[in-house]
Amino acid sequence: MINRLTLAALGGALLLAACTHDAPVEPETLVEAPAAPQPVTEAYTVRLFGADIGELTATTTGANIQVDYEYRNNGRGPTMAETIILGADGLPTHWTIDGNTTFGNKVAETFALDDGTASWVDTTGPGSEPATEPRIYIAQNASPYALSVYAQALLADADQTLPAWPAGALRLEALEDVIVDGGPDPIAATAYALTGESLDPTYFLMDGEDELFALISPRFVIVRKGYEGAEAELTALAVRLASARYEAIQAATAHKFDGPLRIADVRIFDPAKKALTGPVSVRVEGTTIKAIEAANASHPDETVIDGQGGTLVPGLADMHGHVGQDDALLNIAAGVTLIRDMGNDNAKLAELIGKIGDGTLAGPRIVRNGFIEGKSPFNSNNGILVSSEEEAVAAVDWYADQGDYFQVKIYNSMNPAWVPAVVAQARKRGLGVTGHVPAFTNANTMIEAGYDEMTHINQVMLGWVLEAGEDTRTLLRLTALQRLPKVDLDSEQVRHTLDLMVANNVSIDPTYAIHEALLLSRNGEVQAGMADYADNMPVGVQRDARAAWSNIETPEDDAAYAGAFDQITGTLKQMKDRGILILMGTDMGGSFTLHRELELYQKVGFTPAEILARATQEAADYVNLGDELGSITPGKKADFFLVPGNPVEDLKAIKTIELVAKDGVVYFPSEIYPYFGIAPFTEVPQITSPAPAE
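Residues numbered from 1 in each chain as written. Predicted model: local features only at pLDDT ≥ 70, side-chain atom pairs only at ≥ 80, totals over all residues. Heavy atoms only, no water.

Participant: How should empty space enclosed by the protein be read in this particular structure?
Facilitator: Over the atoms, a rolled probe matching the size of one water molecule traces out where space is still vacant. Evaluation of the coordinates by the stated rule reveals three cavities of 30 Å³ or more. Roughly 60 Å³ of volume is contained in the largest cavity. In terms of lining, the largest cavity is formed by Gly315, Leu316, Ala317, Thr337, Leu338, Thr616, Ala620, Leu629, Gly630 and Asp639. Elements with a minimum of two residues in the lining of the largest cavity: β21 (316-321) and β22 (336-341). Split into classes, the residues belonging to the lining of the largest cavity amount to five nonpolar, four polar and one charged. One number sums up the size of the second largest cavity: a volume of about 50 Å³. (1 Å grid on protein atoms, 1.4 Å probe; cavity = no way out; pocket = protein on both sides within 12 Å on 5 of 7 lines; lining within 4 Å. Points joined across faces, edges and corners; volume = space filled by probe spheres on them. Helix = DSSP H or I, 4+ residues; strand = E, 2+ residues; numbered from the N terminus. Nonpolar A, V, L, I, M, F, W, Y, C, P; charged D, E, K, R; others polar.)

Pasting the structure below:
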């Protein structure tokens, strides 16, 4: 159809022509002007553990896509606004992203493809390359709608693989066709895996029109609006897809040797003596350490792994985890064979523990804490949410009735007035109590209410800087750390808190490394905690290693956050000197980050040997597993790892692992890491099979 403006212009031209010619002329054929593209908006809901926590909207007008994305869980989350312009080939030619990351770092990312050059700016700084072939830009801080852009481009490619800027390649794999219910009508969709950017595949669904329907994960989904009721089936699908991947890796990399196993020519770290033994060998039968013998001892029935004079260390414990199957295997590869889970989806964690227990998946032993959170606009969505003291006490009973929970963990939105009743019931039912400091109270009050342990060093120190009425259910519990440099660590208020911890025998799980990342990471600089392994990681992890967590805009911000970390270190030194038990855990997924967590405690005054003892036998003792775990001793479980160096002299030696055993099953990290896009750090040691029977 010709619009009115076009018709008016054409009519004027015809009238002028009629006035200037003696003879009538045939009118020219009118050409229909292309209609302006109409905006098309797609809307999605962000769901976590049965709750709506945010939205994503994408409005496409021709080649232009406008995206708004935001969610809030536990009082925090990202806010992003994107503009994406696609070229005729469906690849982005321009991409801008503005907003804030989960912890507040500002995002002002740009990408442009102009005049044969691709250029970009992200938190790591600027970059550019000649555009000599079709490539796709991997946005550092894109919303999940980027999956639609990537998928459309990859589906149009012959092998569904495209080289990418700033590095690497993106690959798309169709996994299976599914029918999704939970909305107005069933949706026929295809589940895909996108790989190449991060450690794990991203799973998502495209509908029959090749439009994005959902991003899926075992915990978190973003689904087309109106289909929120599909959350359970989508998370179950994500679990199944991821499980299939991890089960395949387990089958390919778990070595269960027929007959006994000997690790020959090693020195053993002894956590009781905090020293290495002389050269020995370790015989393993089934899941158990059978004997420690001479370095060259042997028997014809054994498989022998040559330790080449390296060090055998008991499996490490991460005392602050939130475990999913995605990080379970990487923890094994890092020598982490025990994790205390501090709060999770209870049903999913039970399922994971079952799969690890029967050998379907590789993963650490998991000690469970029962998460109890008060309902509020800022609540986390783990564990059990409660809205009264009676419900909080009932949650304690539920966890106690399961029979396999170690402690209950209290969280930010809990009403502080309910805590004494929770503590009393936990004592009655044989459970310990740990947790955050709920909003509108302080650590002193929680210690006096009966906490056995404090979680996160900031939760203790905030009581020294917050004003009455300030709400720590928000990012304030992190941003207020800028005030710590003004605290006198020799003041009465500091001494009083530490005196209470000593008098009440309260331990602390500081999560030191996550505070380093929060307070000391800076855009464009490799985080100190990732410096030893960042170059071996996929491109997305390498970029994250050079990105700040917090919003640091001025020199004053920089100094305040750096000073806050110094104050944390000073406080931990005082705690160590006062004999307060410090537990070493990450809240960052463990694996490589636990290595950094342990390394940092040298700043507090721990020796490498003291750190290793705390992270092995002393951690196992704390969770009542010390009789079967924590040292390489005959009769205990065969949980240990082999490094070529001497970690008592240089703790960094624990970062170069050749072998890990858990329950006597042997893993070689160099076989595992390529599945995650990680360049291996070591090689498989020499293995000698048993002598053939005569």
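Participant: Looking at this model, I keep getting lost on the environment of leucine 478. Mind explaining?
Facilitator: Mapped onto the elements, leucine 478 comes out in helix α10 (residues 476-479). Leucine 478 has contacts with Arg76, Phe103, Asn458, Leu518 and Tyr561, leaving out every residue within four places of it along the chain. (Contact = heavy atoms within 4.5 Å.)

Participant: Help me out: how do you make sense of the nonpolar core in this one?
Facilitator: Within the largest apolar cluster, 134 residues are counted, with the highest numbers of intra-cluster contacts made by Leu205, Ile216, Met454 and Met575. By residue number, the principal contributor to this core is helix α3 (residues 231-253), which donates seven residues. Once residues lying within four places of it in the same chain are set aside, the contact partners of methionine 454 are Thr434, Gly435, Val437, Ala443, Ile447, Val460, Met501, Val506, Ser507, Ile508 and Asp509. Tyr71, Ala139, Tyr192 and Met206 belong to the second largest nonpolar core, which has 45 residues in total. (Core = buried A, V, L, I, M, F, W, Y, C linked by side-chain atoms within 4.5 Å. Buried < 20%, exposed > 50% of the residue type's maximum accessible area, 1.4 Å probe, protein only.)

Participant: How should I be thinking about the pairing of strand β14 (residues 212-216) in this particular structure?
Facilitator: Side-chain positions along a regular strand alternate between the two faces of the sheet. Within β14, five of the five residues are buried, which leaves the element mostly enclosed by the surrounding structure. When strand β13 (residues 202-207) meets β14, the two strands line up antiparallel, connected through four bridges. Across the sheet, residue tyrosine 203 finds its bridge partner in β14, namely isoleucine 216. Linking β13 back to β14 in an antiparallel pair, the connection comprises four residues, with aspartate 210 at a positive phi of about 55°. (Pairing = 2+ DSSP bridges.)

Participant: Where do I start with the side chain of arginine 283 in this structure?
Facilitator: The topology assignment puts arginine 283 in strand β18 (residues 280-285). Among the residues examined, arginine 283 registers a relative accessible area of 11% and is labelled buried. Within the structure, the side chain of arginine 283 is placed 3.5 Å from the side chain of aspartate 301, a separation counted as a polar contact. Each residue touching arginine 283, except ones within four places of it in the same chain, is listed here: Pro260, Leu261, Arg262, Thr288, Ile289, Lys290, Ala291, His299, Asp301 and Glu302. (Polar contact = N/O pair within 3.5 Å; in protein donor to acceptor, adjacent residues only side chain to side chain.)

Participant: Is there a simple way to think about the packing of helix α6 (residues 389-402) against helix α7 (residues 419-429) in this case?
Facilitator: Geometry of a packed helix pair, given as the angle between the helix axes and the separation of the axes. Between α6 and α7, the shortest axis-to-axis distance is 9 Å and the interhelical angle comes to 20°. Between α6 and α7, the angle is such that the two are roughly parallel. In this structure, α6 crosses over α7, and the sense of that crossing is right-handed. Along its contact with α6, which presents Glu389, Ala392, Val393, Val396, Asp397, Ala400 and Asp401, the element α7 presents Ala421, Val422, Gln425, Ala426 and Arg429. Of the residues contributing to the contact of α6 with α7, the split by class is seven nonpolar, one polar and four charged. (Axes fitted to C-alpha atoms, helices over the stretch in contact; angles between N-to-C directions. Parallel < 35°, antiparallel > 145°, perpendicular 65-115°, else oblique. Left-handed = near helix turned anticlockwise from the far one by under 90°.)

Participant: Please clarify how unusual backbone geometry should be interpreted in this entry.
Facilitator: Leaving glycine out, the prevailing phi sign among residues is negative, and the prevailing peptide bond configuration is trans. Note the cis peptide between tryptophan 165 and proline 166, where omega equals 5°. Checked against the element boundaries, proline 166 lands in the loop between β10 (161-165) and β11 (169-180). Phi at histidine 456 is positive, roughly 75°, even though this residue is not glycine. In the Ramachandran plot, asparagine 624 falls in the positive-phi region, its phi being about 65° despite a non-glycine side chain.

Participant: Whenever I open this one, the pattern of salt bridges confuses me. Can you help?
Facilitator: Opposite charge on two side chains allows them to pair when their charged atoms are near. This model, assessed by the stated rule, comprises 39 salt bridges. As a salt-bridge pair, glutamate 293 and arginine 262 come within 2.7 Å of each other at their nearest N and O atoms. Remark: arginine 262 occurs in strand β16 (residues 261-270) and glutamate 293 occurs in strand β19 (residues 288-294); sequence separation between them is 31 residues. Judged by its relative accessible area of 2%, arginine 262 is buried. (Salt bridge = Lys/Arg side-chain N within 4 Å of Asp/Glu carboxyl O.)

Participant: How should the packing of aromatic side chains be read in this particular structure?
Facilitator: Given two aromatic rings, their pairing is described by the distance between the two centres and the angle made by the two planes. Taken as a whole, this structure holds 24 aromatic pairs when the rule is applied. Centre to centre, the rings of tyrosine 512 and phenylalanine 565 are 5.4 Å apart; their planes meet at 25°, and the pair counts as stacked. Residue tyrosine 512 is found in helix α12 (residues 512-520), and its partner phenylalanine 565 is found in helix α14 (residues 555-577); the two are separated by 53 residues along the sequence. Residue tyrosine 512 shares its accessibility class with phenylalanine 565, and that shared class is buried. Members of the aromatic cluster, joined through ring pairs, are Trp95, Phe111, Trp120, Tyr137, Tyr150 and Trp165. Stacked on the ring of tyrosine 246, the Lys or Arg arginine 245 has its end atom at 5.4 Å from the ring centre. Lying over the aromatic face of phenylalanine 676, arginine 245 brings its terminal NZ or CZ to 5.1 Å of the ring centre. (Phe/Tyr/Trp six-rings, centres within 6.5 Å; stacked < 30°, edge-to-face > 60°. Lys NZ or Arg CZ within 6 Å of the ring centre and 35° of its normal.)

Participant: Hey, could you run me through the packing of α3 against helix α5 (residues 346-357) in this one?
Facilitator: The interhelical angle for the contact between α3 and α5, taken along N-to-C directions, is 20°, at an axis separation of 13 Å. Considering their axes alone, α3 and α5 lie roughly parallel with respect to each other. Regarding α3 and α5, the two cross each other, and that crossing is right-handed. Note on element contacts: α5 touches α3 through Lys348, Glu351 and Lys355, opposite Thr235, Val239, Ser243 and Glu247. Looking at the contact of α3 with α5 residue by residue, the classes come out as one nonpolar, two polar and four charged.

Participant: How should I be thinking about helix α11 (residues 492-503) in this particular structure?
Facilitator: Because each turn of an α-helix spans 3.6 residues, side chains separated by three or four positions in sequence point in the same direction. With 12 residues, α11 should reach 16 Å at 1.5 Å per residue; the first-to-last C-alpha distance of 16 Å fits that figure. Looking only at α11, the buried set comprises Val494, Thr497, Leu498, Leu500 and Met501. Buried positions in α11, seen along its axis, are confined to an arc of 150° and lie on one side of it. Turning to α11, the residues buried within the fold contact α8 (443-449), β27 (453-455), α9 (457-461), β28 (507-509) and α14. Directly beyond the C-terminal end of α11, a positive phi value near 55° is found at asparagine 505. (Expected span 1.5 Å × (residues − 1). Arc of directions from axis to C-beta.)

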